[in-house]
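# Structural features, examined
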Amino acid sequence: MTQDTWNFIFIGITFVVYIFIAIRSRAASTQEFYVAGRGVSPLANGMATAADWMSAATFISMAGLIASTGYAGSRFLMGWTGGFVLLTVLIVPYLRKFKKFTVPDFLGDRFYSNAARFVAVVCAIFICLTYIMGQMRGVGLVFSRLFDISISLGVIIGSCIVFCYAALGGMKGITYTQVAQYCVMVFAYTIPAIFISVMLTGNVIPQLGFIGDYIKDGAENAVPLLEKLNGLNKELGFAQYTGGVKDKWDFFCITAALMFGTAGLPHVIVRFFTVKDVKAVRQSASWTLAFIAIIYLTAPAVGSFARTNLIEEIHNQEYKSAPAWFTGWENRDLIAWVDKNDDGKIQYFGDGAAFAGKPAFKLDSDGESLRGSYNERLLTNDISPGRNELFYERDILVMANPEIAELPEWVIALVMAGCIAAALSTAAGLLLVLSTSVSHDLLKCIVKPDLNDKQELMWARIASFGALVVAAYFGINPPAEFVAKTVAFAFGLACSSFFPTIVLGIFTKRINKEGAIAGMICGIGFTLGYIIYFQFYANHQDYWFNFLENGTGVSPEGIGFIGMLINFMVAYFVSMLTPPPPQDVQDMVESIRVPQGAGAASDH
Amino acid sequence: MSDTHDSKTYWKQSLKIIAFLLMIWAFVSFGCGIIFREYLDAEMPSVGGAPFGFWMAQQGSIIVFVLLLFVYNRLMNKLDRKHGYDQEGSL
């Protein structure tokens, strides 16, 4: 069977499963649409949350990022898992006890004001929209690469599938499809890793192969894999794989912003409203982190294997005898080679990019690529002076892994199905928060409180259709540079708005509406201002808060952490200067602090 | 029913559990993975082939996070039982 047939079979089967689940679990009430009737088992919810959390970016790009940055890639590993510890012990059990549907619900009631609710809704919509654009784009990319269709058509197909189960089934439909998607993802991620680990280190468990010995040069020459990689990096003029980062303080802030941001992402928080009680929330959150950890512990292994393989198989190799995957990805524009010294060999060095910008291939009048003397594709880019001759897109490291390891075609098809599952599951979760924000938080709670359940449900479906159209539009016409830069927005915003405000709302009774609103506005205002200034206006990188000698200051990626501290301080001082919240709100806070019953104070 | 519950003590003890877990959380990630990383790389035995601080940043901290949450579950369930908050299904 050909690769195409396998791809069709795998992706076809997964889609049939997703749609079948969607039809089985149609939501009949808002309770089912928003929180799946609160009857999901902790284990199933754990898997669903893990799938929801791991986006196309995590699945495709993270290992590649770690491979090319080494130690500096740890910020994602620690940030995106450590956030779940905060989320579990500080936030979700208490919000579940509050028994409402959304995060703005909590902030609106806790700070007894529709203004707080409104600020929260705007933040939630903004965070989810910036996030969902990248997902739809990812779906489109994978489709177009697989089936040779245009990216636009890929985005539209993906949107239709998501709409099927997100709009019909609501949270109920999403949850059970996400369970299936997690299973696809975990196999797609670990199976190629296992094969490669056996090849490089002889260890069946890739997570352990990472710290094991590199045995490809024979058992008597075994050296630790990381030592081998450091040696290779050094030889080629790259920074040490296990080396340090430029500015520790900036690195600290970025890791912190990712952690606190994770704990404040609304589409992750609402997932925990679907289980039975507070005890189930705690259990479910632990399962979630365990499921995520399976993939996150594999990622550094995949990164280090991929880098070792890449250098060993490519550097100083004749182009003519380069492995098939190399030319395959070259034909798909993701690898490019310029023979600077005219020796017919591929040289890969750490002295900068081989040429300026992304590869632009020379085409003849029929649109066919022009080939050089070794049959390589010719480029029109300006060639850089360094010795490096190789360009590759980091993202291919995960997708090319099975080919590098010469695994059977079905594994490659599985990886593709995994990529799509990762993008679809995250998109669906975000879509749900978007539609809930409009139908529940805006319409039901602020604009038209007299909506009945049926009408609200209808509005939720209309809103999810609207949100999907917007997301698909941006998926087809991405504000190019913008998407990559807005990821910093999503985490920065969640970190400087939701996390501190929710935590203060639960852990202090004294914080009142004036404090919370002032804190949110100052935190978001500062973070947004800083990011916009440095990403779009300033043409320099002299960041502020530069405390270290030879430091770089805090980059926009990490500024959410400073924004969070500002939010905390402003909220505290403003609350101290204004009257405390009314008694019934204080009673409410008392009652969410205990897992059952109404709490001591509101026992009337 | 809340007569039998001492929600103030319950809350104080949950805060203690949370503070304890978050101290470990910060120590393994920000401490071992970032601040004391070079010191640990140099002074501690390496984990397999990986320097200790580097390994903490890439894998060790994640393993500790997972363990922390399972410990959190145990401690909180024990606390719930002690204060009578463990009746099935009554929220």
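Residues numbered from 1 in each chain as written. Chains lettered and ligands numbered in written order. Predicted model: local features only at pLDDT ≥ 70, side-chain atom pairs only at ≥ 80, totals over all residues. Heavy atoms only, no water.

Let us look at the interface of chain A and chain B. The interface is formed by 60 residues belonging to chain A together with 51 residues belonging to chain B. Taking both partners together, chain A and chain B bury about 4800 Å²; carbon and sulfur atoms supply 68% of that area. The tally of links from chain A across to chain B stands at two salt bridges. With its nearest N and O atoms 2.9 Å apart, the salt bridge here joins Asp80 of chain B to Arg282 of chain A. At the surface where chain A touches chain B, the tally comes to 19 residue pairs in polar contact (both at pLDDT 80 or more). (Contact = heavy atoms within 4.5 Å. Buried area = accessible area lost by both parts, 1.4 Å probe. Salt bridge = Lys/Arg side-chain N within 4 Å of Asp/Glu carboxyl O. Polar contact = N/O pair within 3.5 Å; in protein donor to acceptor, adjacent residues only side chain to side chain.)

Another point: the domain arrangement of chain A. When the parts of a complex come together, some accessible area is lost, and that lost area is often taken as the interface size. Residue and element names in this part refer to chain A. With domains assigned, chain A is organised as domain 1 (42-310 + 408-480) and domain 2 (335-392). Measuring from the centre of the C-alpha atoms in domain 1 to the corresponding centre in domain 2 gives 34 Å. Facing the five residues of domain 1 at the interface are four residues of domain 2. Between domain 1 and domain 2, roughly 500 Å² of surface is buried when both sides are summed, and carbon and sulfur atoms account for 65% of that area. On the domain 1 side of the interface with domain 2, the three residues burying the most area are Leu236, Phe238 and Leu310, jointly 77% of the side's total. The interface formed by domain 1 and domain 2 holds two residue pairs in polar contact (both at pLDDT 80 or more) in total. (Domains from an automatic or database assignment.)

Take the nonpolar core next. If you look at the biggest cluster of nonpolar residues, it comprises 233 residues, and the most contacted ones within it are Trp53, Ile91 and Ile502 of chain A together with Trp25 of chain B. When we break this core down by domain, the ones giving at least three residues each are domain 1 (42-310 + 408-480) and domain 2 (335-392) of chain A. In contact with Ile91 of chain A, other than residues within four places in its own chain, are Leu86, Ala263, Ile269, Phe499, Ile502, Val503 and Ile506 of chain A. (Core = buried A, V, L, I, M, F, W, Y, C linked by side-chain atoms within 4.5 Å. Buried < 20%, exposed > 50% of the residue type's maximum accessible area, 1.4 Å probe, protein only.)

Residues Lys279 of chain A together with Lys8, Lys12, Lys16, Arg74, Lys78, Arg81 and Lys82 of chain B make up a contiguous surface patch of positive charge. Elements that contribute at least two residues to the positive patch include exactly helix 1 (7-35) and helix 3 (52-82) of chain B. Counting residues per element, the positive patch draws most heavily on helix 3 of chain B, which supplies four residues. For Arg81 of chain B, the position within the fold is in helix 3. (Patch = residues over 30% accessible without salt bridge, like charges linked within 9 Å, V, L, I, M, F, W, Y side chains within 5 Å. Areas by Shrake-Rupley, 256 points an atom, 1.4 Å probe, with all protein chains shown as cover. Lys, Arg positive; Asp, Glu negative; His and termini not counted. Charge placed at Lys NZ, Arg CZ, Asp CG, Glu CD. Helix = DSSP H or I, 4+ residues; strand = E, 2+ residues; numbered from the N terminus.)

This next bit is on helix 20 (residues 559-577) of chain A. Taking 1.5 Å per residue, 19 residues should reach 27 Å; helix 20 of chain A reaches 27 Å between its end C-alpha atoms and fits that length. Every buried residue belonging to helix 20 of chain A is among Ile559, Gly560, Phe561, Ile562, Gly563, Met564, Asn567, Val570, Ala571 and Ser575 of chain A, and all of these are buried. (Expected span 1.5 Å × (residues − 1).)

Here we take up the environment of Asn203 of chain A. Residue and element names in this part refer to chain A. Here Asn203 is to be found in the loop between helix 8 (151-201) and helix 9 (206-209). Judged by its relative accessible area of 24%, Asn203 falls in the partly exposed class. Separated by 77 residues in the primary sequence, Asn203 and Ala280 place their C-alpha atoms 36 Å from one another.

Okay, the pattern of salt bridges next. All names here are of chain A. Counted according to the given criterion, the structure contains 14 salt bridges over all chains. Note that Arg75 and Glu557 form a salt bridge whose closest N and O atoms lie 3.6 Å from each other. Taken together, the residues Arg75 in helix 5 (residues 74-97) and Glu557 in the loop between helix 19 (513-537) and helix 20 connect sequence positions 482 residues apart. Residue class for Arg75 comes out buried when judged on its relative accessible area of 13%.

Right, let's talk about the packing of aromatic side chains for a bit. What the rule picks out here adds up to 49 aromatic pairs over all chains. Aromatic pair Phe534 of chain A and Tyr543 of chain A: ring centres 4.9 Å apart, planes at 75 degrees, arrangement edge-to-face. An aromatic cluster is present here, built from Trp249, Phe252, Phe260, Phe499, Phe547 and Phe561 of chain A together with Trp25 and Phe30 of chain B joined pairwise through their rings. In this arrangement the basic side chain of Arg377 of chain A is found over the ring face of Phe361 of chain A, its NZ or CZ atom lying 3.8 Å from the centre. For Arg37 of chain B, the ring lying beneath its charged end belongs to Tyr71 of chain A, and the centroid distance is 4.0 Å. (Phe/Tyr/Trp six-rings, centres within 6.5 Å; stacked < 30°, edge-to-face > 60°. Lys NZ or Arg CZ within 6 Å of the ring centre and 35° of its normal.)

Let's shift gears to the state of the cysteines. By definition, a disulfide links the sulfur atoms of two cysteine residues through a covalent bond. All names here are of chain A. Under the defined criterion, the tally for this structure stands at zero disulfides over all chains. Cysteine Cys123 is unpaired, with the sulfur of Cys128 as its nearest cysteine sulfur at 11 Å. Summary of cysteine pairing: Cys495 is not part of a disulfide, and the nearest cysteine sulfur, belonging to Cys253, is at 9.7 Å. Assessed through its relative accessible area of 0%, Cys495 is described here as buried. (Disulfide = S-S within 2.5 Å.)

On to the side chain of Thr288 of chain A. Looking at the element boundaries, Thr288 of chain A is found in helix 13 (residues 278-314). Once you skip the residues sitting within four places of it in the chain, Thr288 of chain A turns out to touch Asn45, Gly46, Thr49, Ala50, Phe84 and Phe272 of chain A.

To continue, consider the confidence of the model for chain A. Where the model shows low pLDDT, its predicted coordinates should not be examined in detail. All names here are of chain A. Of all residues in chain A, 97% attain a pLDDT of 70 or more, and the chain-wide mean is 87. Across chain A, the element-wise mean pLDDT spans from 77 in helix 15 (residues 396-404) up to 95 in helix 20. In the predicted structure, residues 599-604 sits below a pLDDT of 50 and forms 10 contacts with residues beyond four places in sequence or in another chain. (pLDDT = per-residue confidence, 0-100.)

Bringing the environment of Val302 of chain A into the picture now. Residue and element names in this part refer to chain A. Considering the arrangement of structural elements, one finds Val302 in helix 13. Looking at Val302, the relative accessible area reads 4%, which means it is buried. Taking the C-alpha atoms as reference points, Val302 and Asn550, 248 residues apart in sequence, are found 33 Å from one another. Those residues in contact with Val302, other than ones at most four positions away along the chain, are Ala63, Tyr189, Ala193, Val398 and Asn401.

Taken together, the side chains of Leu565, Met569, Tyr572, Phe573, Met576 and Leu577 of chain A present a nonpolar region at the surface, about 650 Å² in accessible area. Within the fold, Met569 of chain A resides in helix 20.

Residues and elements named next belong to chain A. Tracing the sequence through the fold places Asn7 in helix 1 (residues 3-24). According to the relative accessible area criterion, Asn7 is buried, its value standing at 3%. Residues within four places of Asn7 in sequence aside, it is in contact with Gly12, Leu146, Phe147, Ala413 and Met416.

Here we take up unusual backbone geometry. Residue and element names in this part refer to chain A. Positive phi is not limited to glycine here, since Asn375 has a value of about 70 degrees. Structurally, the position occupied by Asn375 is in the loop between strand 5 (345-346) and strand 6 (390-392). A positive phi is found at Phe545, a non-glycine position, where the angle reads about 55 degrees. Turning to its location among the elements, Phe545 is positioned in the loop between helix 19 and helix 20. When its relative accessible area of 26% is taken as the criterion, Phe545 is described as partly exposed.

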